[in-house]
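# Architecture at a glance
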Amino acid sequence: VQLQASGGGLVQAGGSLRLSCAASGRTFSRYFMGWFRQAPGKEREFVARISWTGGNTYYADSVKGRFTISRDNAKNTVYLQMNSLKPEDTAVYYCAAVESLGLGRGRSPNEYDYWGQGTQVTVSS
């Protein structure tokens, strides 16, 4: 499956952005989808992930209550709605896909087989 992330940009603290990740290739609905982010000089970190049907979601503590992951299988797209953004949310955001989760339950980047190219999110103070 090929993934294309979009929707990043520059926003002031407290603002909102919605990221999209469009998938093509294999059956999108068979994949768990995750969002990760990587700030300069830091390791790639888990943000959120969603199950095949969208009925099960999981978030990093740092974004819980502010970010919402969702998916539209008819459009082969997963979204990340980001509200109340903070400067520490600044990073390149990546979407990723995997057919079945490993022991990390989708929280480790090593569990994912397919990655999008990343989209830059910059939050100014």
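Conventions adopted
Residues numbered from 1 in each chain as written. Predicted model: local features only at pLDDT ≥ 70, side-chain atom pairs only at ≥ 80, totals over all residues. Heavy atoms only, no water. Helix = DSSP H or I, 4+ residues; strand = E, 2+ residues; numbered from the N terminus. Buried < 20%, exposed > 50% of the residue type's maximum accessible area, 1.4 Å probe, protein only. Contact = heavy atoms within 4.5 Å. Polar contact = N/O pair within 3.5 Å; in protein donor to acceptor, adjacent residues only side chain to side chain. Phe/Tyr/Trp six-rings, centres within 6.5 Å; stacked < 30°, edge-to-face > 60°. Lys NZ or Arg CZ within 6 Å of the ring centre and 35° of its normal.

### Brief notes about the environment of Thr 90
With respect to the helices, strands and loops of the structure, Thr 90 is situated in the loop between strand S8 (77–82) and strand S9 (91–98). You can call Thr 90 partly exposed: its relative accessible area is 22%. C-alpha separation for the pair Thr 90 and Gln 120, spaced 30 residues apart in sequence, amounts to 7.8 Å. Non-local contacts of Thr 90, meaning those with residues more than four positions away in its chain, are made with Ala 39, Gln 120, Val 121, Thr 122 and Val 123. Separated by 2.9 Å, the side chain of Thr 90 and the backbone oxygen of Pro 87 make a polar contact.

### So, the packing of aromatic side chains
Tallied over the full model, the rule gives 8 aromatic pairs. Aromatic side chains Phe 36 and Tyr 112 sit 5.2 Å apart centroid to centroid with 80 degrees between the ring planes, which places their arrangement in the edge-to-face category. A residue pair is termed long-range when its members are at least 10 positions apart, and Phe 36 in strand S4 (residues 32–38) and Tyr 112 in the loop between S9 and strand S10 (114–115) qualify at 76 residues. Connected via pairs of aromatic rings, a cluster forms that spans Phe 36, Phe 46, Tyr 58, Tyr 94, Tyr 112 and Trp 115. Taking NZ or CZ as reference, Arg 44 lies 3.8 Å from the ring centre of Tyr 94, over its face.

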